[in-house]
Amino acid sequence: MHAPLWPVAKDPGRGARRRDRNPRPALSGRGGSGSLPGEHAQGLLHRDVRGFGEHHTDLRGAHQAVGVEVPAQAGQQRAQRAVGLLIKLGVRFVEQQHARLAHQRARDADALDFVGQLRKTPIVVNDSRGFFTSRVFGTFVQEGLRLLAEGVHPAKIEMAALKVGMPVGPLAIQDEVSLTLSEHVAQEARKALQAEGKDRPMSSADEVIQTMIHQFSRKGKAAGAGFYDYPEQGKKQLWSGLNHWYQNTEIAEQEMIDRFLFVQALDSLRCLEEGVLESVIDANVGSIFGIGFPAWTGGALQFLNQYGLTQALARAQQLAAEYGERFTPPKILQDRVAAGAASI
């Protein structure tokens, strides 16, 4: 059996855990929602594993905008041993932990030992921009912002998400994450694509974020003002200024629900197709516990299975024709349907 990286602390018992209302701090490459500042996170990680010699796995913080970073001076050998860990606890319901494991299975044991001692459930996700949960969850939030830009009443948007089983509405979670962080991630993604000779056009969701920040000075919950107002006394409430986008646009609630589910399920499938994910199980487990994808579906890919692959393909094509290429069915879905498969 593989030896643990360090002794496991004795479990204080269920009662003690219940009394401990404060989640453990997150470790992240460069800070972010609910995480320690990047240099502190890296220091904490490396202080604990530093004495284990040149042949041990190099555990590193990871960040959704840049992936796993290894200092240039570390050398190729050390870079090949690097495993990034992104542990997101800042948003209360997102407690899924990602083990960023690349190609050498010898490194799995070290990373999984570490994660096990944090009492988190790991999934294997290869290094890429946005990884899995941040990337896919972002599509849910952006779809909510697109609906707002289309003139749908914000309360209807939030209610549709809650009705389908998402733990919180897209506008509320955007406030939790902070609008400025989302703007930064989008800018970094655009720069990276431009360096590759590609482009990331501005979307209506990007325009909503920019308007909120730069025209209305509303940056999210931490700033005290976002899509919601946060009175000192009383519950949060949708900001009346969202009438800026309201056009009394009527979209059936089921249509909004389909958009929320399919935009996440199809991007999860792209993650599998691109090798970001290595298994259907990781996609389903990660989507439920890391994103909050409705548990009744069995996970993002199981949702497509139970919908029926042929029917899911047809529905995705309808959504793509109506709303754009983000709903274009990945080739893997088309191939599975052509093969007569019953599941992904």
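Predicted, not measured: the structure shown is a model, and the values here were computed from it.

### Quick notes on the overall build of the protein chain
Thought 1: A count of helical and extended segments in the protein chain gives 14 helices and seven strands.
Thought 2: Relative to its 344 residues, the protein chain shows a buried fraction of 48%.
Thought 3: Carbon and sulfur atoms provide 51% of the accessible area of the protein chain, an area that totals close to 16900 Å².

### Some thoughts on the pattern of salt bridges
Thought 1: If you walk through the whole model with that rule in mind, you get 17 salt bridges.
Thought 2: Asp206 is the salt-bridge partner of Arg190, the closest N and O atoms lying 3.5 Å from each other. Taken together, the residues span a long stretch of sequence, with Arg190 in helix α8 (residues 179–195) and Asp206 in helix α9 (residues 204–215) at a distance of 16 residues.
Thought 3: Classification of Asp206 as buried rests on a relative accessible area of 11%.

### A word on the confidence of the model for the protein chain
Thought 1: Per-residue pLDDT for the protein chain averages 77, and the proportion of residues at 70 or more is 67%.
Thought 2: Confidence over residues 1–75 falls short of pLDDT 50; this stretch has 132 contacts with residues more than four positions distant or in other chains.
Thought 3: Segment residues 89–106 is flagged for pLDDT under 50; beyond a separation of four residues in sequence, or across chains, it makes 71 contacts in the model.

### Comments concerning helix α10 (residues 253–274)
Thought 1: The first and last C-alpha atoms of α10 sit 32 Å apart over 22 residues, in line with the 32 Å expected at 1.5 Å per residue.
Thought 2: Buried residues dominate α10, accounting for 17 of its 22 residues.
Thought 3: Positive phi shows up at Gly275, right after α10, with a value of about 90 degrees.

### Here's the deal with the environment of Gln311
Thought 1: For Gln311, the position within the fold is in helix α13 (residues 309–323).
Thought 2: With 26 residues separating them along the chain, Gln311 and Val337 place their C-alpha atoms 9.4 Å apart.

### Examining the nonpolar core
Thought 1: Judged by nonpolar contacts, the single largest core of 64 residues is most densely connected at Phe227, Phe262 and Leu304.
Thought 2: Look past the residues within four positions of Phe262 in its chain and what remains in contact with it is Phe303, Leu304, Tyr307, Ala312, Arg315, Ala316, Leu319 and Phe327.

### Here we look at the packing of α8 against α9
Thought 1: With their axes 10 Å apart at the nearest point, α8 and α9 run at an angle of 130 degrees to one another. Looking at the two axes, α8 sits oblique to α9. Relative to α9, the crossing made by α8 is left-handed. Packed against α8, whose contacting residues are Leu179, Thr180, Glu183, Ala186 and Arg190, the element α9 presents Asp206, Ile209, Gln210, Met212, Ile213 and His214 at the interface.
Thought 2: Of the residues that constitute the contact of α8 with α9, the class distribution is five nonpolar, three polar and three charged.

### Concerning the packing of helix α7 (residues 170–177) against α8
Thought 1: Closest axis-to-axis distance for the α7/α8 pair is 6 Å, and the angle between their directions is 85 degrees. Considered as vectors, α7 and α8 are oriented roughly perpendicular to each other. Seen from α7, the contacting residues are Gln174, Asp175 and Val177; seen from α8, they are Leu179, Leu181 and Ser182.
Thought 2: Among the residues forming the contact of α7 with α8, the class breakdown is three nonpolar, two polar and one charged.

### Re the side chain of Arg146
Thought 1: Locating Arg146 in the fold gives a position in helix α5 (residues 133–149).
Thought 2: In this structure Arg146 is buried but unpaired, with Glu143 as the nearest side chain of opposite charge at 4.1 Å.
Thought 3: Excluding residues within four positions of it along the chain, Arg146 makes contact with Ser203, Ser204, Ala205, Arg259 and Arg326.

### Considerations on the packing of aromatic side chains
Thought 1: Evaluation of the coordinates by the stated rule reveals nine aromatic pairs.
Thought 2: Residues Phe140 and Phe260 carry aromatic rings whose centres are separated by 5.2 Å and whose planes lie at 65 degrees to one another, so their mutual orientation is edge-to-face. Highlighted residues: Phe140 in helix α5 and Phe260 in helix α10, separated in sequence by 120 residues.
Thought 3: On the accessibility criterion, Phe260 (1% relative accessible area) is buried.
Thought 4: Geometrically, the ring pair formed by Phe262 and Phe303 is edge-to-face, given 5.3 Å between the ring centres and 80 degrees between the ring planes. Here Phe262, found in helix α10, pairs with Phe303, found in helix α12 (residues 300–307); they are 41 residues apart in sequence, far enough to count as distant. Phe303 carries the same exposure label as Phe262, and that label is buried.

Definitions and cut-offs
Residues numbered from 1 in each chain as written. Predicted model: local features only at pLDDT ≥ 70, side-chain atom pairs only at ≥ 80, totals over all residues. Heavy atoms only, no water. Helix = DSSP H or I, 4+ residues; strand = E, 2+ residues; numbered from the N terminus. Buried < 20%, exposed > 50% of the residue type's maximum accessible area, 1.4 Å probe, protein only. Areas by Shrake-Rupley, 256 points an atom, 1.4 Å probe, with all protein chains shown as cover. Salt bridge = Lys/Arg side-chain N within 4 Å of Asp/Glu carboxyl O. pLDDT = per-residue confidence, 0-100. Contact = heavy atoms within 4.5 Å. Expected span 1.5 Å × (residues − 1). Core = buried A, V, L, I, M, F, W, Y, C linked by side-chain atoms within 4.5 Å. Axes fitted to C-alpha atoms, helices over the stretch in contact; angles between N-to-C directions. Parallel < 35°, antiparallel > 145°, perpendicular 65-115°, else oblique. Left-handed = near helix turned anticlockwise from the far one by under 90°. Nonpolar A, V, L, I, M, F, W, Y, C, P; charged D, E, K, R; others polar. Lys, Arg positive; Asp, Glu negative; His and termini not counted. Phe/Tyr/Trp six-rings, centres within 6.5 Å; stacked < 30°, edge-to-face > 60°.

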